[in-house]
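# Geometric and topological summary
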There are 2 protein chains.
Amino acid sequence: MADDIRAATRTARIASRVLAQASESDWNAALEAMALAIESRSDEILAANAADMEAADALLAEGKLSQALVDRMKLSDLKIANAIVIGVRSVAGQPDPIGHTQASTELDKGLKLYRVSVPIGVIGVIFESRPDALVQIATLCLKSGNAVLLKGGSECRNTNRVLGQILVEATSGLPGIPECWLHVLEAREEVQAILDLDDCIDLVIPRGGNELVQHIMANTKIPVMGHADGICHVYVDRWADLEKADRIVLDAKTDYPSACNAVETVLVHESVADEFVPKVQQTMAEAGVSLKYDAASLDIVGEGDAATDDDWSTEYLDMVLAVKVVRGLDEAVDHINQFGSHHTESIITEDKASASKFLQAVDAASVLHNASTRFADGFRYGLGAEVGISTNRLHCRGPVGLEGLMIYKYVLKGDGHVAGDYQGDDAKAFTHETLDEVWRPYSGA
Amino acid sequence: MADDIRAATRTARIASRVLAQASESDWNAALEAMALAIESRSDEILAANAADMEAADALLAEGKLSQALVDRMKLSDLKIANAIVIGVRSVAGQPDPIGHTQASTELDKGLKLYRVSVPIGVIGVIFESRPDALVQIATLCLKSGNAVLLKGGSECRNTNRVLGQILVEATSGLPGIPECWLHVLEAREEVQAILDLDDCIDLVIPRGGNELVQHIMANTKIPVMGHADGICHVYVDRWADLEKADRIVLDAKTDYPSACNAVETVLVHESVADEFVPKVQQTMAEAGVSLKYDAASLDIVGEGDAATDDDWSTEYLDMVLAVKVVRGLDEAVDHINQFGSHHTESIITEDKASASKFLQAVDAASVLHNASTRFADGFRYGLGAEVGISTNRLHCRGPVGLEGLMIYKYVLKGDGHVAGDYQGDDAKAFTHETLDEVWRPYSGA
């Protein structure tokens, strides 16, 4: 089994090198072929999905699957047409991320260096329940010239198998598209087998709940792009416009409470706590959000649920919000840097000095001023299709678009240049002049 | 012990957040203070180094240390002045990498997004023998706003301890520079303790031989910036100018044979093998390089050492070169992609189509046309001070300058914007207009 997966990654590596050299029209033609195949074979997809749903309903009745997970598994004609097929075509519509010259330098006369974007290589994707994730990530990988190994949850095995077959068959034999660029793995034991292949797989992307992500991060040496937690804060400063603050906290909590960029704790400056805490209490009560108060805020509202220390590091993913009064900006920043997950943090203030200090001092992928944490998202940030949101401190951070699936190579063009000429007596000097040139294969080539 | 190191990384994390907010003049003043302290305390450094050298000589006599390692340990007045002190000042002279706006986008009226470079956070550095590596990497980390834990080899413990003290004392109390930005760890057991802290340390940089690098890569989940091998090739194409090829192979092999970017195997197109193989044989014999021939090249030269399959994946780091005849460009590319370490690969040809194909199809950090592999180096590439050379496929690849110690954060400025306004009926539309604006803290702040 593990050997099969190793063999699959080997063919994926070779495929990735071929795929990287296709042209933009090749990649986009392959994406359109996938969209058409999904449309024309939607009956097969729905039949497979119905089989999975039947098994899932039984497991749901036995309490072995959650309702939320089962809900996410279900496909319909509408979902295939509106979410999956439109998604594939929108990936095709994204700008081509491959072959961009990021920098160019003349090292010396006739010796020019270019830094050019290239695909990472082989991406492993581990996802649960949502079969649409399979299509989304496969198309993002193709558009970025990466080969991909996909491993879905066993609860969706029939749907995933059919979707994988459709994508493979739709792209088979197309110009520029190698066989084996896409592997859909099935057996249950394979997750750890994938995670062990740190010499073959360049990047793992998990798509699923916190538990899955944490499991993956804890069990592999392959870099994992993603985030385990989204413990996000809104800090309502002494100089906040409290109407703005109220509207932003409401949006950040209730727009989509189970999203990673939903707010979990609101921090309130003590000078405005007497006014703002009752205000947020009323707004949240009307919205159906329950509150957990620290001692100072509980004092203000008189009665309510007391927060414990665990609340500061809990991602509720639910209509629950913790409230804490702080003595000032510094305490807010310290609290966020200690308990936050470095995901998305917002300050509400009309004071520019406070805003600047917060934006600089808070250590997070996204720092916001007078805006809802819910904006931290690839589509809203204008990145196009979203690969995920990363709280890593290397490669990419925050919402990640196609650029996150790229690395670069250096291309150096010379005419017989040797390094020895730039050393010792009579050494030639480097010019190191920044160029504004784009690397292209030599014309006529 | 492990708890001490965990505590040290915790203070380093806090220090990194303070350090990141210093100003360029703070960082540069700290670097100059370090340079001055090293100059004025060079007697202490030399005394400590003499003690290490005495112990090392005894171990050398017992065969427990290699001559090369002992040579690299030794400091002198000249080395301190010329290499270490000048190195510190050259880092100070590098452009400030922090706070650059990499991209800016208007999401909607009054809602502006900036992607701004920030330090990674906490860097762990593990190095052996060269005490100058301690100073170099500490100064690169300071300049890039990163806190750093340094762990040198026990053979240099006295020198490293004194150097660490000098750097800590020189920067203590300076404006913008927190205590604890630099930790020099001593005890022998600590390497694994560092490697286990994947929740505390963001990046490990190894400085030392292949064995050290491979050990580190195999024993940590922390991302490691570096390369284990440098198996580099020069491919002499059918359309090569053989004089150029000869000069380039000579430089790539002999300029510094123990460097990672030295060539290990030369691949020769069969059409030019009868002419080029004897030529390279003569040039290498004159330079004192011994050759290992594949069957076809051995046939041409008549007698010599036969290469075995192991030679294709051996990094000699020595005056040894393997020679292999290939049937064409495709075989050369396949050989390189299979046996190379994705470090630096060069084609020698006057044919533009061959050059373009090679530069695109070879999967390596640096791909070169008509130039020596020895150019793959941070200084020669114009990156300034070099952090290392990476064969990773994430974050940074090839020679890495200060930019490799940076990541970014997103800064979003709004005026009460909420995500709910951009959904449903009457949804506001995002403008997603690319701006040419630089993020600065609000003026007056």
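As the structure is a computational prediction, the values presented were derived from the model and not from experiment.

### What to know about the relation of the copies chain B and chain A
Between the two copies of the chain lies a relationship made up of a rotation around an axis and a movement along it. For these two chains of identical sequence, chain B goes onto chain A by a turn of 180 degrees and a shift of 0.0 Å along the axis, with RMSD 0.1 Å. One copy is carried onto the other by what is essentially a two-fold rotation axis. Among all C-alpha atoms of chain B, that of B:His395 lies closest to the rotation axis, at 1.9 Å. A share of 100% of the interface residues of chain B reappears at the interface of chain A, consistent with the copies meeting face to face through the same patch.

### Here's the deal with the domain arrangement of chain A
When its domains are assigned, chain A resolves into domain 1 (2-218) and domain 2 (232-383). Taken over C-alpha atoms, the centre of domain 1 of chain A sits 36 Å from the centre of domain 2 of chain A.

### Some thoughts on the pairing of strand β2 (residues 111-119) of chain B
All names here are of chain B. Among the nine residues of β2, seven are classified as buried, and the element is accordingly described as predominantly covered. Here six bridges tie strand β1 (residues 101-108) to β2, and the two strands are oriented antiparallel to one another. Each bridged residue has a counterpart across the sheet, and for threonine 105 the counterpart in β2 is leucine 113. Remark: two residues form the turn of the hairpin made by β1 and β2, two consecutive strands paired antiparallel; glycine 110 in that turn has positive phi of roughly 80 degrees. Pairing between β2 and strand β16 (residues 406-417): eight bridges, direction antiparallel. Bridge assignment links tyrosine 114 to a residue of β16, and that residue is valine 411.

### Focus on unusual backbone geometry
Phi is mostly negative for residues that are not glycine, and the peptide bonds are mostly trans. Residue and element names in this part refer to chain A. Residues other than glycine seldom take positive phi values, yet asparagine 370 does so here, at roughly 55 degrees. Checked against the element boundaries, asparagine 370 lands in strand β13 (residues 366-371). According to the C-beta neighbour criterion, asparagine 370 is buried, with 23 such atoms within 10 Å.

### Some details on the environment of B:Pro95
Residues and elements named next belong to chain B. As for its position among the elements, proline 95 is in the loop between α5 (77-92) and β1. Exposure remark for proline 95: the 11 C-beta atoms within 10 Å place this residue in the exposed category. Residues proline 95 and alanine 15, spaced 80 residues apart in sequence, show a C-alpha to C-alpha distance of 22 Å.

Scoring rules and cut-offs
Chains are numbered independently. Their residues run from 1 in the order of the written sequence. The order in which chains are written sets their letters, starting at A; the order in which ligands are written sets their numbers, starting at 1. Local features in this predicted model are restricted to residues whose pLDDT is 70 or higher, and side-chain atom pairs enter the listing and the counts only when it is 80 or higher, whereas totals over whole chains, interfaces and linings include all residues. A residue counts toward the fit only if its pLDDT is at least 70 in both copies, and the copies are then superposed by least squares on the C-alpha atoms of those residues. The contact criterion used is a C-beta to C-beta distance within 7 Å, with each C-beta placed from the backbone. Each domain span listed reflects an automatic or database assignment of domains. Here a residue counts as buried when 20 or more other C-beta atoms sit within 10 Å of its C-beta, as exposed when there are 12 or fewer, and as partly exposed otherwise, the C-beta atoms being derived from the backbone. Think of it this way: any DSSP run of H or I at least four residues long counts as a helix, any run of E at least two long counts as a strand, and we number them from the N terminus. Pairs of strands are assigned from DSSP output, requiring at least two bridges between the strands.

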